[in-house]
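What follows is each chain in one-letter form.
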Amino acid sequence: MGELRLMKGNEAVAEAAIRAGCDGYFGYPITPQSEVMEYLMAEKPHERTGMVVLQAESETASINMLYGAAGTGKMVMTSSSSPGISLMQEGISYMAGAELPAVIVNVVRGGPGLGTIQPSQADYFQAVKGGGHGDYKLVVLAPASVQEMCDHVKLGFDLAFKYRNPVMILSDGAIGQMMEKVVLFDPIPRRSEEDLIKQNPWAATGKPKSREHIIITSLDLDPAGQERVNLKLQAKYKKIEENEILYETLGCEDAEFIFVAFGLSARICQKSMDLARAKGIKIGLFRPITLFPFPVKAIHDLGKKVKGMLVVEMNAGQMIEDVKLSVGCSIKIEHYGRFGGIIPTPDEVVKALETQIIGG
Amino acid sequence: MEEPFVKTEIRKDENIVYKRTDLLVDRPLSYCPGCGHGVVHRMLMETLEEMDIQDKTIGVSPVGCSVLAYDFMNIDMLGAAHGRAPALATAIKRLWPNKFVFTYQGDGDLAAIGTAETIHACNRGENFTIIFINNGIYGMTGGQMAPTTLPGMRSSTSPYGRDVQTMGHPLKITELIANLPGVYYVTRQAVHTPSHVRKTKKAIRKAFEQQKENKGIAFIEVVSNCNSGWKMTPVQSNKWMEENMFPFYPLGDIKLDGKLIQKSEIAK
Ligand SMILES: Cc1ncc(C[n+]2csc(CCOP(=O)(O)OP(=O)(O)O)c2C)c(N)n1
Ligand code: SF4
Ligand SMILES: [Mg+2]
């Protein structure tokens, strides 16, 4: 068993990176996630594992540092919050195009613009639908607890290297800031340079006489070549959709109605479920853990068994589009959201269920 | 069958006095005939060959005419986003401190869109080499005004000449960088004559030798022509460069062994 600790979500991300054998972290301060780099700097991971931590001059620089290091096969991570993640989009698109593994943590705050420093889920579209230019996908993980903040870092690195694709952890200001108990996994040693080269023959590590030179790029000026690149990417995303979907269900067996929610909203819905069940409403909870790949089939199948779904999000209605696409038009699906940093209360969610779905 | 122009029987080892280094890939360069980019590529690759560090070198190419440098240089390379090469190089060198790392960047890449990455990598004293090709124009996108375009100089976005009142002054980024404590070696060279080519190659060698000792940034500016963008023949462009670019961007060492050796003239 791992070590039990009381930690903030952001601290758990940082500690998990060190324990996962991460080689480098590059970041720029922004609320509500600055604790990630602060924790790393205080922990001196250079002494613990040899991990490099560098405060960059901007998020543009941090994502391009990530791109450079990932292109050499190193295990690297950055974290930021909404405005900083927007600034990274060009680099993220390049990394997706060049098929580079890395973990990018977004501790989402309210937007648009400078918005607010309070928690939000308004970056769902940006994370799941692309964000940057071109047809690409990130693997998107949505932690709902400090424990998952820790575990998703390790899972994120595994998936990033398995598919040579950037992975985003889509968290929010509440999960980043709140303290919970967390069981930390046992440290994994950082890979040696020899192992790295053996495991990542695609990486630019210095050309020996024995092989061709390696080029890391997302450019192919020949349209036929660029189409091949795109087809290869799409085939990879399909494979990810076939193999990597994660979700959790609660009380769905006898349910007539379903809350669909990710991250913090799912935590709130758990409480709303208790309140609604006490009133005799047969309600279940469906929580996607991977937002890409989205659990299309599981939600589709659930849609055949229930009368209605309330999609609860801290945004103006984003994931609801994917829920509707998954289910079709057979049942009533409505959205309930608060935004700008407001967290809905369990009571108002129950009320929304009663007025929008059951009574509506 | 047509007779080959050069009879193969005279291509014998004992007749060869100069050959392409194996560190340049045997394929046609994408540069316009007369352009300086190819010459700098060759000097760089010859240096790596002479130092026998092909297997220990990781290069970063820019977005600009030299975007495909990775196709021509027979070493492991990464293609950066426009302006971001110093950020890539920073992380690569930090995580592979025993490798030789360099960026190869144009003036738009390094001194406009990538100014922040350039200045901060230099100021942190990262241990890599920057090769900076200053041709006073955006070559790749068709000859638009660059941060380095001279006052009065015509380009497709300054068709009546650069008016410094409305378009700003040319940026002498090299002098600016020389003043940063993290920078160890700064020089400005050219490649339009054999003697200049030799000097540039020496500067490249010096930069890579210093990288071994972790001295900080070595920054080599090469003032070069863009005959296509300047709308001149190669010969005209080299003459124009001598008469107009060199007075504004004087050649020579600017910082040696961490010490400024020439009064820097950031603004005119
Ligand atoms: C983000 C972004 N903005 C703009 C461009 C378009 N662009 C490509 S190359 C270039 C200018 C390159 O000029 P320079 O760095 O001087 O290199 P040169 O071609 O002169 O060698 C520009 C503006 C781009 N590729 N990416
Ligand atoms: S456009 Fe200018 S810089 Fe580009 S290859 Fe041609 S001459 Fe060289
Ligand atoms: Mg240029």
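First things first, this report covers the structure right here in the doc. (Residues numbered from 1 in each chain as written. Chains lettered and ligands numbered in written order. Predicted model: local features only at pLDDT ≥ 70, side-chain atom pairs only at ≥ 80, totals over all residues. Heavy atoms only, no water.)

Points about the packing of helix α1 (residues 9-19) of chain A against helix α2 (residues 35-43) of chain A
Residue and element names in this part refer to chain A. It is the contact of α1 with α2, at a shortest axis distance of 8 Å, that shows an interaxial angle of 45°. One element, α1, and the other, α2, form an angle in the oblique class. For the pair α1 and α2, the crossing hand works out as right-handed. Residues Asn 10, Glu 11, Val 13, Ala 14, Glu 15 and Ile 18 of α1 touch α2, and the partners they reach there are Glu 35, Val 36, Tyr 39, Leu 40 and Glu 43. (Axes fitted to C-alpha atoms, helices over the stretch in contact; angles between N-to-C directions. Helix = DSSP H or I, 4+ residues; strand = E, 2+ residues; numbered from the N terminus. Parallel < 35°, antiparallel > 145°, perpendicular 65-115°, else oblique. Left-handed = near helix turned anticlockwise from the far one by under 90°. Contact = heavy atoms within 4.5 Å.)

A look at the packing of α1 of chain A against helix α8 (residues 146-163) of chain A
Relative orientation and spacing of two packed helices are given, respectively, by the angle between their axes and the distance between those axes. Residue and element names in this part refer to chain A. Axis separation between α1 and α8 bottoms out at 8 Å; the angle between their running directions is 25°. Considered as vectors, α1 and α8 are oriented roughly parallel to each other. In the packing of α1 onto α8, the handedness of the crossing is right-handed. Here Gly 9, Asn 10, Ala 12, Val 13, Ala 16 and Ala 17 of α1 come into contact with α8, specifically with Val 146, Met 149, Cys 150 and Val 153. Residue composition of the contact of α1 with α8, grouped by class: 8 nonpolar, 2 polar and no charged. (Nonpolar A, V, L, I, M, F, W, Y, C, P; charged D, E, K, R; others polar.)

Quick word on the layout of surface pockets
Residues and elements named next belong to chain A. Approximately 380 Å³ is the volume attributed to the largest pocket. Considering the residues around the largest pocket, the lining is formed by 18 residues, among which Ser 93, His 133, Ser 218, Leu 219 and Gln 226 are closest to the centre. Going through the elements one at a time, α6 (89-97) and α11 (223-243) are the ones with two or more residues in the lining of the largest pocket. (1 Å grid on protein atoms, 1.4 Å probe; cavity = no way out; pocket = protein on both sides within 12 Å on 5 of 7 lines; lining within 4 Å. Points joined across faces, edges and corners; volume = space filled by probe spheres on them.)

Overview of the sheet that holds strand β12 (residues 283-288) of chain A
All names here are of chain A. Taken together, the 5 strands give an open sheet; going across it, the order is β10-β12-β11-β14-β15, and neighbouring strands pair in mixed fashion. At either end of the open sheet lies a strand with only one pairing partner, and these are β10 (247-250) and β15 (332-337). Put simply, the sheet's adjacent strands are angled 20° from each other on average, direction ignored. Relative to β12, strand β11 (residues 257-260) runs parallel, the two being bridged by 4 bridges. By the bridge assignment for β12, Phe 257 is matched with Ile 283. (Pairing = 2+ DSSP bridges.)

Notes on the nonpolar core
Nonpolar side chains tend to gather and get buried jointly when the protein is soluble and globular. Judged by nonpolar contacts, the single largest core of 152 residues is most densely connected at Met 77, Phe 259, Met 309 and Val 323 of chain A. With 9 residues, α8 of chain A is the single largest residue contributor to this core. Leaving out residues up to four positions away in the same chain, Met 77 of chain A has contacts with Val 13, Ala 17, Cys 22, Gly 24, Tyr 25, Phe 26, Val 36, Leu 66, Val 103, Val 105, Val 153 and Phe 157 of chain A. Residues Ala 69, Tyr 70, Phe 100 and Phe 102 of chain B belong to the second largest nonpolar core, which totals 34 residues. (Core = buried A, V, L, I, M, F, W, Y, C linked by side-chain atoms within 4.5 Å. Buried < 20%, exposed > 50% of the residue type's maximum accessible area, 1.4 Å probe, protein only.)

Some thoughts on the interface of chain A and chain B
With 38 residues of chain A at the interface, the matching set in chain B holds 35 residues. Between chain A and chain B, a total of about 2900 Å² is buried, with carbon and sulfur atoms accounting for 62% of that surface. Where chain A meets chain B, there are 2 salt bridges. Taken together, the elements giving at least two residues each to the side of chain A that touches chain B come down to β2 (24-27), β3 (52-55), α4 (59-71), α6, α10 (193-199) and β9 (215-216) of chain A. Class assignment of the residues belonging to the side of chain A that touches chain B gives a composition of 18 nonpolar, 11 polar and 9 charged. (Buried area = accessible area lost by both parts, 1.4 Å probe. Salt bridge = Lys/Arg side-chain N within 4 Å of Asp/Glu carboxyl O.)

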